[in-house]
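The residues making up each chain are set out below.
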Amino acid sequence: MQFGIFGVGDIAPDPSTGIPRSEAQRIQDTIRIAKAADELGLDVFAVGEHHNPPFVASSPPALLGYLAAETKQILLSTSITLITTNDPVKIAEDYAFVQHLACGRLDLMLGRGNTVPVYPWFGQDIRNGVPLALENYNLLHRLWREDVVDWEGRFRTPLQGFTATPRPLDGVPPFVWHGAIRTPEIAEQAAFHGNGYFANHILAPNFHFKPLVDFYRQRFQDYGHGRAQDAIVGLGGQAFIARKSQEAYSRFRPYFESYPMFQGTSLEQVATGTPLSVGSPQEVIDKTLTFQEGFGDYQRQLWALDLGSMPVEVVLEQVELLATEVVPVLRKEMGSRRAPGVPDAPTHASLVEAAGGSREARPRPNRGDNTSGAVPYLDAA
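Residues numbered from 1 in each chain as written. Predicted model: local features only at pLDDT ≥ 70, side-chain atom pairs only at ≥ 80, totals over all residues. Heavy atoms only, no water.

The name an unreviewed UniProt entry assigns to the chain is Monooxygenase, from the organism Actinoplanes couchii.

Here we take up the UniProt feature "domain: Luciferase-like" (unreviewed entry) in the chain. Per the UniProt record, the feature "domain: Luciferase-like" (unreviewed entry) sits at residues 1-263. Secondary structure across residues 1-263 comprises 37% helix and 17% strand; the distance between its end C-alpha atoms is 34 Å. (UniProt positions renumbered as here; feature names shortened; annotations may be inferred. Helix = DSSP H or I, 4+ residues; strand = E, 2+ residues; numbered from the N terminus.)

All right, on to the pattern of salt bridges then. As enumerated under the stated definition, the model contains 25 salt bridges in all. Arginine 331 serves as the salt-bridge partner of aspartate 43, at 2.9 Å between the closest nitrogen and oxygen. Here arginine 331 lies in helix α11 (residues 312-337) and aspartate 43 lies in the loop between α1 (23-39) and β2 (44-47), a separation of 288 residues in the sequence. You can call aspartate 43 partly exposed: its relative accessible area is 22%. Since its relative accessible area comes to 34%, arginine 331 is described here as partly exposed. Among the ionic pairs, glutamate 325 bridges to arginine 243, the shortest N-O distance being 2.1 Å. Of this pair, glutamate 325 sits in helix α11 while arginine 243 is found in the loop between β10 (233-241) and α8 (245-258), placing the two residues 82 residues apart along the sequence. Take glutamate 325: its relative accessible area is 29%, and that puts it in the partly exposed class. Among the residues examined, arginine 243 registers a relative accessible area of 54% and is labelled exposed. (Salt bridge = Lys/Arg side-chain N within 4 Å of Asp/Glu carboxyl O. Buried < 20%, exposed > 50% of the residue type's maximum accessible area, 1.4 Å probe, protein only.)

Moving on: the packing of α1 against α11. As a packed pair, α1 and α11 sit with axes 10 Å apart at the nearest point and diverge in direction by 15°. Taken together, the axes of α1 and α11 lie roughly parallel to each other. For the pair α1 and α11, the crossing hand works out as right-handed. Residues Asp29, Arg32, Ile33, Ala36 and Ala37 of α1 touch α11, and the partners they reach there are Val312, Glu313, Val315, Leu316 and Val319. Looking at the contact of α1 with α11 residue by residue, the classes come out as seven nonpolar, no polar and three charged. (Axes fitted to C-alpha atoms, helices over the stretch in contact; angles between N-to-C directions. Parallel < 35°, antiparallel > 145°, perpendicular 65-115°, else oblique. Left-handed = near helix turned anticlockwise from the far one by under 90°. Contact = heavy atoms within 4.5 Å. Nonpolar A, V, L, I, M, F, W, Y, C, P; charged D, E, K, R; others polar.)

The biggest cluster of nonpolar side chains holds 106 residues, and the ones touching the most others in it are Ile5, Leu42, Tyr216, Phe252, Val319 and Leu322. Broken down by element, the residue count for this core peaks at 12 residues, all from α11. In this view, phenylalanine 252 contacts Phe240, Leu267, Leu276, Val278, Leu307 and Met310; residues no more than four positions away in its chain are not counted. With six residues, the next largest nonpolar core counts Leu82, Val118, Tyr119 and Leu132 among its residues. (Core = buried A, V, L, I, M, F, W, Y, C linked by side-chain atoms within 4.5 Å.)

Our focus in this paragraph is the side chain of asparagine 136. Along the chain, asparagine 136 falls in helix α5 (residues 129-143). Note on asparagine 136: relative accessible area 4%, which makes it buried. If we skip the residues at most four places from it in the chain, asparagine 136 touches Ile83, Thr84, Asn86 and Pro88.

This paragraph deals with the packing of aromatic side chains. Tallying each qualifying case throughout the model produces 11 aromatic pairs. On the numbers, 6.0 Å between centres and 45° between planes, the contact of tyrosine 259 with phenylalanine 262 is tilted. Of the two residues, tyrosine 259 and phenylalanine 262, neither departs from the other in class, the shared state being buried. Three or more aromatic residues joined by ring pairs make a cluster, and in this case those are Phe240, Phe252, Phe256, Tyr259 and Phe262. (Phe/Tyr/Trp six-rings, centres within 6.5 Å; stacked < 30°, edge-to-face > 60°.)

Pasting the structure below:
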């Protein structure tokens, strides 16, 4: 079981001053949070992708590449990579490069996002959102597994004899999670390829996404990847932790009430009716254990801890409490309740082992035209 944190790089006014952080400060704060998560032994740090204020996370590959050099053990990921508006060729090359920088400590989550105007900003039509997501991932899947790709689709220029570089580390692509909260076609695609499925699991009633998770599990089994309970599932959550419940509610309330997504609701209502966990470490543990009871065994649990208005010092307290008092208990408790044979989430090492060994991609020499020809690698037939 993997435990970690995820965020979207949002910025909101401090509830006490009304003044938001600068973009520069938000970026540096995100780096501090990721490094703390690594030092405290959390498993995953994931960052989202947005291309408009009040968000700063417009370039996950750049941030993750920097974090690859600044961290030692944590798995780096995305809480969304926009598969609809990014060119799959660029995704293939950018994230393969980061995978090398991180020595395999990388996977990524693909999704459509939830910002409507982003489509025309990148030359796309939101009415094609689902077909774009499906077609672009099908191309990405091939780009990471075939040295030379010929391809033609609806939404980008054809490829003829194209090779994405660098090739994935050890010949094994980063593991992919498909994130969706309303689209069965995305769950179907995840199941077809044997990839992971991630339900964000916040801002909605408890277990609202269970039908999609169950659908994905069944289709995973139908496609012959294993039993339904072997499907690779991740869940999101949100938490604010303090030594005592009353303290947690008192400290979190100003951030909650000033945050646009929560306006018009009460903290008690949301904490009771949604996956938001507010309270002592034991209360957060108890709430998270209900996820396992409701969804079945799963492989990854991520929490959002850093609302855009929350000072980084407060977030760092949250990371420490999560890593030292919540996650160790959850590892033990969820492990003891886990059904026999349920797999762990794939890692680079496990994927290399499953592939039967690693590959070292060595390109053929430049022919004088800046290419290596139709067979670009020495180990290709």
